[in-house]
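Chain and residue survey
Given next are the chains, with one letter for each unit.
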Amino acid sequence: MEKKCVLITVLMLAAFLSARGQQRNGTYSFLDITDSPRVAALGGSITSIADGDIQLALFNPSLIDSSMHNALSLAYVDYFTDVNFGMVQYARHFNKIGSFAASLQYHNYGKFDYADQSGAATGGTFSAADYNFVIGWGRRLNPHFSIGANVKFVGNQYEDYNAFALAVDVAGTYYSQKGWTLSVAGRNIGMELYGNYDGPRADLPFHLQASISKRLEHVPFRFIITYNDIQKWDLTYDDPLDLENEIDPITGEKKSKTGLAKFGDKMMRHLVFGGEIYIGKNVTLRVSYNYKRRQDMKSPEKKGMVGFSYGLSVHIYKFDISYSRAEMHNVGAPNYFSITTNIERFTKNR
């Protein structure tokens, strides 16, 4: 039975992969941005930690199970300048059909002044926002395997322009007897339904991802390794500004890596390394390193902590309060906040 479940999930992912290919587009790139402090602190992508945290469900629906029943979470992100993100989530379990998690994301990019082609203000302002409503489903098939899916209703509105899309995520998670957890997910599989922008319809940012984690037996530590974008090997790009001085000023040719260095650079761009340190029962420290983010966003003069993310979670009374910070660039870093609880904590003793 277990082998059949694994085979079915692999075939589903392969079918979706061949259907959507490796298409990219910036219109719906906000789907790659997390609002969860825990996900942000662990690198900003899929995780394979099955501990009933509803915030992990948005990137990995196969983690949705009965332990999330009546979980409620609110998240807020202080991104850059006056850009703010918000998310609310709620989960419910049904014995016969599985567990569900509803999520609503709202990304507000602030107010903008109308201006003519020369840049002179013409009076008035307009706003820009993205939103994503998600219904997730997960079911534990047996002690070693679970599956899940998200259905996403995605949209954006920039001034008088707007667009809508429908997408799904599919995922499967394997739990070994020795405590290893392995998840595979195909994310943002879908298409744009409507858009009044100029040009062809936009593509959604498809990702095929895998994550493995394990909590050590004799040390209060869990490590997580994520492999992003399985569907595409080469994630490098040529910087037209040549900030790293990789172009020979005489020949005009780029100085490229060769051999093992080139292979290592391409491999590392897929990997995210993260970990959680448990201090007692009520405090958790988190940290991660994203090599690709560091290579894409670092400044040659001052690399700093770009590519690193970190945070902590504290359990106070009946609430779990989390904070994290992701070092995106030297000019600033987003701050993530959330508060999570379970309604049953307030009704259990009544």
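1. Some words on the overall build of the protein chain
- For the protein chain, the count of helices and strands is five helices and 14 strands.
- When the 350 residues of the protein chain are sorted by exposure, 43% land in the buried category.
- Of the contacts formed within the protein chain by residues at least 6 apart in sequence, a portion of 55% connects residues at least 24 apart.
- Element-wise, carbon and sulfur atoms account for 61% of the exposed surface of the protein chain, whose accessible area totals about 18200 Å².

2. Some remarks on the pairing of strand 1 (residues 71-78)
- Burial along strand 1 is one-sided: Ala71, Ser73, Ala75 and Val77 are buried, and none of Leu72, Leu74, Tyr76 and Asp78, which face the opposite way, are.
- Relative to strand 14 (residues 335-342), strand 1 runs antiparallel, the two being bridged by eight bridges. Paired with Asp78 across the strands is Asn335, a residue of strand 14.
- For strand 1 and strand 2 (residues 84-94), the ladder comprises seven bridges, and the chain directions are antiparallel. Its bridge partner being in strand 2, Asp78 is matched across the sheet by Asn84.
- Here strand 1 folds back onto strand 2 in antiparallel fashion, the turn holding five residues, of which Thr81 has a positive phi close to 45 degrees.

3. Quick notes on the packing of aromatic side chains
- Scanning all chains against the criterion turns up 17 aromatic pairs.
- Consider the rings of Tyr79 and Phe85, whose centres lie 4.6 Å apart with planes at 35 degrees: the pair is tilted. Take Tyr79 and Phe85: they sit in the same class, and that class is buried.
- Following the ring pairs from residue to residue traces out a cluster consisting of Tyr79, Phe80, Phe85, Tyr109, Tyr158, Tyr161 and Tyr197.
- The lysine or arginine in question, Arg140, covers the ring of Tyr175, its NZ or CZ lying 3.8 Å from the ring centre.
- The ring of Phe59 carries Arg187 above its face, with NZ or CZ at 4.1 Å from the centroid.

4. Considering the side chain of Asn150
- Considering the arrangement of structural elements, one finds Asn150 in strand 5 (residues 145-158).
- Residue Asn150 is classed as buried on the basis of its relative accessible area, which comes to 2%.
- A distance of 3.1 Å separates a polar atom in the side chain of Asn150 from the backbone oxygen of Leu58.
- Once you skip the residues sitting within four places of it in the chain, Asn150 turns out to touch Ala57, Leu58, Pro61, Ile64, Val134, Ile135, Gly136, Trp137, Ala167, Val168 and Asp169.

5. Details of unusual backbone geometry
- The backbone of Asn70 shows a phi angle near 70 degrees, a positive value even though the residue is not glycine.
- For Asn70, the location among the structural elements is in the loop between helix 2 (37-41) and strand 1.
- Look at Glu159: it is not a glycine, yet its phi comes out positive at around 55 degrees.
- Examined against the element boundaries, Glu159 turns out to sit in the loop between strand 5 and strand 6 (161-175).

6. Observations regarding the environment of Gln105
- Note on placement: Gln105 falls in strand 3 (residues 98-115).
- Spatially, the C-alpha atoms of Gln105 and Phe85 are 7.5 Å apart, while their sequence positions differ by 20 residues.
- Setting aside residues up to four positions removed in sequence, Gln105 forms contacts with Ile33, Asp35, Leu58, Gly86, Met87, Asp130, Tyr131 and Asn132.
- Within the structure, the side chain of Gln105 is placed 3.2 Å from the side chain of Asp35, a separation counted as a polar contact.

How each quantity is defined
All residue numbers refer to position in the chain's written sequence, counted from 1. Reporting in this predicted model follows two pLDDT cut-offs: at least 70 for local features of residues, and 80 or more for side-chain atom pairs to be given and counted; totals over whole chains, interfaces and linings ignore these cut-offs and use all residues. For the side-chain quantities, the full set of heavy atoms in the structure was used; hydrogens and water were omitted. Strands are runs of DSSP state E lasting at least 2 residues, helices are runs of H or I lasting at least 4, and numbering of each runs from the N terminus. Buried, partly exposed and exposed residues are distinguished by accessible area as a fraction of the type maximum, computed with a 1.4 Å probe on protein chains only: under 20%, between the cut-offs, and over 50%, respectively. Any pair of residues with heavy atoms lying within 4.5 Å of one another is described as a contacting pair. Note on areas: Shrake-Rupley, 1.4 Å probe, and residue coverage restricted to the protein chains presented here. The criterion for strand pairing is that DSSP finds at least two bridges linking the strands in question. Stacked, edge-to-face and tilted are the three classes for Phe, Tyr and Trp ring pairs, Trp counted by its six-membered ring, which pair at centre distances within 6.5 Å; planes under 30 degrees apart are stacked, over 60 edge-to-face, the rest tilted. In this scheme, the term charge over a ring applies when either NZ of a lysine or CZ of an arginine sits within 6 Å of the ring centre and within 35 degrees of the ring normal. Side-chain atoms alone can form a polar contact between residues adjacent in sequence; in general such a contact is a pair of N or O atoms within 3.5 Å, and within protein one must be able to donate a hydrogen while the other accepts it.

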